[in-house]
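Spelled out from the first residue to the last, the chains are:
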Amino acid sequence: MKSMIQYFIKYSSAGNVLILLIMFLGWFGFSSLRSTLIPQIDPGVVNISTVYPGASPEEVEQGVILKIEQSLQGLTGIKKLTSMSRENVGVVTAQLTSGVNADLVLQDIKNAVDGISSFPTGIEPPRASKWEFRSEAIDFMINGDVDLSLIKQVALRIEDDLLNTPGISKIEISGFPDEEIEIAFREIDLETYGITLAQAVAVIRNANIDLTGGNIRGESEDLSIRTRQKQYYAEDLEDIVLRSRIDGTILYLSDVADVTEKWAEDPDAVYVDGKTAALIKVKYTSEEDIIQVASAVESYILKFNLENDVIQA
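This text gives an overview of the structure that appears in the document. As the structure is a computational prediction, the values presented were derived from the model and not from experiment.

Considerations on helix α5 (residues 148-163)
- Between its first and last C-alpha atoms α5 spans 22 Å; for 16 residues at 1.5 Å apiece the expected length is 22 Å, and the two agree.
- Those residues of α5 that fall on the buried side of the exposure criterion are L148, I151, K152, V154, A155, I158, E159 and L162. Within α5, the buried residues cover an arc of 165° as seen down the axis, which keeps them to one side.
- Elements in contact with the buried residues of α5: β5 (135-143), β6 (170-174), β7 (179-185), β12 (257-263), β14 (275-284) and α9 (290-307).

What follows is the structure, encoded as structure tokens:
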């Protein structure tokens, strides 16, 4: 220690350089720190969820879950597989090996699941997603003396605007129930066209689905066969063909039923001062800074309120 002190006394410029270097490394380390409220832990988990409408837990287990588990057995980077089957839904959870690249394993899982060609008819395409740390950065509400549908439209527009803001990647909206499509058949029209309710329902169920038709293996590439016919709006469902004849006569769903969009019966309502409102939760990940996210949202709110009179945030 004595010799070191003597060295820096003799060569004072070296001491100045060392101090500057320490200050630079300290500034660099401080600037790379991210602000957070709670410890951020990556659980290393991938969930594969599947919707099988009308299926019992046993049918979900046999027709979907076991096939997914078999396709993932032995896949590099997966430590453990667990699953859950209940009515209409099945979830397979893959716990990843510590230290692996979760994004690469996620892609391998998607490829393995997409290669399954023996799923039963009627299931929705399985969705694989990586569980990431997410915590709330800031919450705010929008409200106004307007119809709930307009509140929802504005909330979705705000969601798009914020997701296009650098540093913001996750937003949750609540305050309105789910939307449903109601198909009300007219009995007199069913009798006129000679079609039963059961026949019409069967046609709709078979027409409004996404299906996987397997793979075609070529010399240089493999092609996946899929049909995407699932519709999400009433006006699209109205064009479903219930019956077509050789003479060119076509019977559409709109000819025998009224198709409308409506809110679900179980309301998820939020009010501010007696006015309809929507709650918007902005979250942040382990790669994002809570202070930067909150500041960006506050700036957006100020700009939004200046540009809007009927709906305020």
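From this point, the discussion proceeds with the structure in view.
Examining the packing of helix α3 (residues 57-72) against helix α4 (residues 102-114)
- Two elements in contact, α3 and α4, have axes whose closest approach is 9 Å; the angle formed by their N-to-C orientations is 125°. The orientation of α3 with respect to α4, classified from their angle, is oblique. Read as a crossing pair, α3 and α4 show a hand that is right-handed. Residues I68, S71 and L72 of α3 touch α4, and the partners they reach there are I109, A112 and V113.
- Among the residues forming the contact of α3 with α4, the class breakdown is 5 nonpolar, 1 polar and no charged.

A closer look at a nonpolar patch on the surface
- On the surface, a nonpolar cluster with roughly 330 Å² of combined accessible area is contributed by I19, L20 and M23.
- With respect to the secondary-structure elements, L20 resides in helix α2 (residues 12-31).

What to know about the sheet that holds strand β4 (residues 127-131)
- The strand order across the open sheet formed by 4 strands is β2-β3-β1-β4, and the pairing between neighbours is antiparallel. Either end of the sheet is taken by a strand with one partner, and the two such strands are β2 (78-86) and β4. Between one strand axis and the next, the sheet turns through 20° on average, direction left out of account.
- The sheet contact formed by β2 and strand β3 (residues 89-96) spans 8 bridges and is antiparallel. Following the sheet pairing, L81 is matched in β3 by A94.
- Sitting on the sheet, α4 touches β1 (45-51), β2, β3 and β4, and the angle it makes with β4 is about 165°.

Considering unusual backbone geometry
- A positive phi angle is found at N88, which is not glycine, with a value near 80°.
- Along the chain, N88 falls in the loop between β2 and β3.
- Note on N88: relative accessible area 25%, which makes it partly exposed.

Side note on the nonpolar core
- With 27 residues, the main nonpolar core has F140, I142, I158, L162 and V282 as its most contacted residues.
- Listing elements by their share of this core, those giving two or more residues are β5, α5, β14 and α9.
- Of all the elements, α9 adds the most residues to this core, at 7 residues.
- Beyond its immediate chain neighbours, meaning those up to four positions away, L162 contacts F140, I168, I171, V282 and Y300.
- If you look at the next biggest cluster of nonpolar residues, it comprises 23 residues, including I48, Y52, I78 and V105.

Considerations on the environment of A112
- Within the fold, A112 resides in helix α4.
- Residues A112 and L72, spaced 40 residues apart in sequence, show a C-alpha to C-alpha distance of 6.7 Å.

Thoughts on the pairing of β14
- Where β5 and β14 come together, 8 bridges link them in antiparallel fashion. The residue of β14 that forms the bridge with N143 is A277.
- For β6 and β14, the ladder comprises 5 bridges, and the chain directions are antiparallel. Each residue of the ladder has a partner; that of E172, found in β14, is K281.
- When strand β13 (residues 270-272) meets β14, the two strands line up antiparallel, connected through 3 bridges. Bridge pairing links V272 to K275 in β14.

Brief notes about the side chain of D189
- Considering the arrangement of structural elements, one finds D189 in helix α6 (residues 187-193).
- Taking the relative accessible area as the measure of exposure, D189 reaches 18% and is therefore buried.
- For D189, the side chain forms a polar contact with the side chain of R186, separated by 2.4 Å.
- Look past the residues within four positions of D189 in its chain and what remains in contact with it is D255 and V256.

Reading the values: rules and limits
Residues numbered from 1 in each chain as written. Predicted model: local features only at pLDDT ≥ 70, side-chain atom pairs only at ≥ 80, totals over all residues. Heavy atoms only, no water. Helix = DSSP H or I, 4+ residues; strand = E, 2+ residues; numbered from the N terminus. Expected span 1.5 Å × (residues − 1). Buried < 20%, exposed > 50% of the residue type's maximum accessible area, 1.4 Å probe, protein only. Arc of directions from axis to C-beta. Contact = heavy atoms within 4.5 Å. Axes fitted to C-alpha atoms, helices over the stretch in contact; angles between N-to-C directions. Parallel < 35°, antiparallel > 145°, perpendicular 65-115°, else oblique. Left-handed = near helix turned anticlockwise from the far one by under 90°. Nonpolar A, V, L, I, M, F, W, Y, C, P; charged D, E, K, R; others polar. Patch = residues over 30% accessible without salt bridge, like charges linked within 9 Å, V, L, I, M, F, W, Y side chains within 5 Å. Areas by Shrake-Rupley, 256 points an atom, 1.4 Å probe, with all protein chains shown as cover. Salt bridge = Lys/Arg side-chain N within 4 Å of Asp/Glu carboxyl O. Pairing = 2+ DSSP bridges. Core = buried A, V, L, I, M, F, W, Y, C linked by side-chain atoms within 4.5 Å. Polar contact = N/O pair within 3.5 Å; in protein donor to acceptor, adjacent residues only side chain to side chain.

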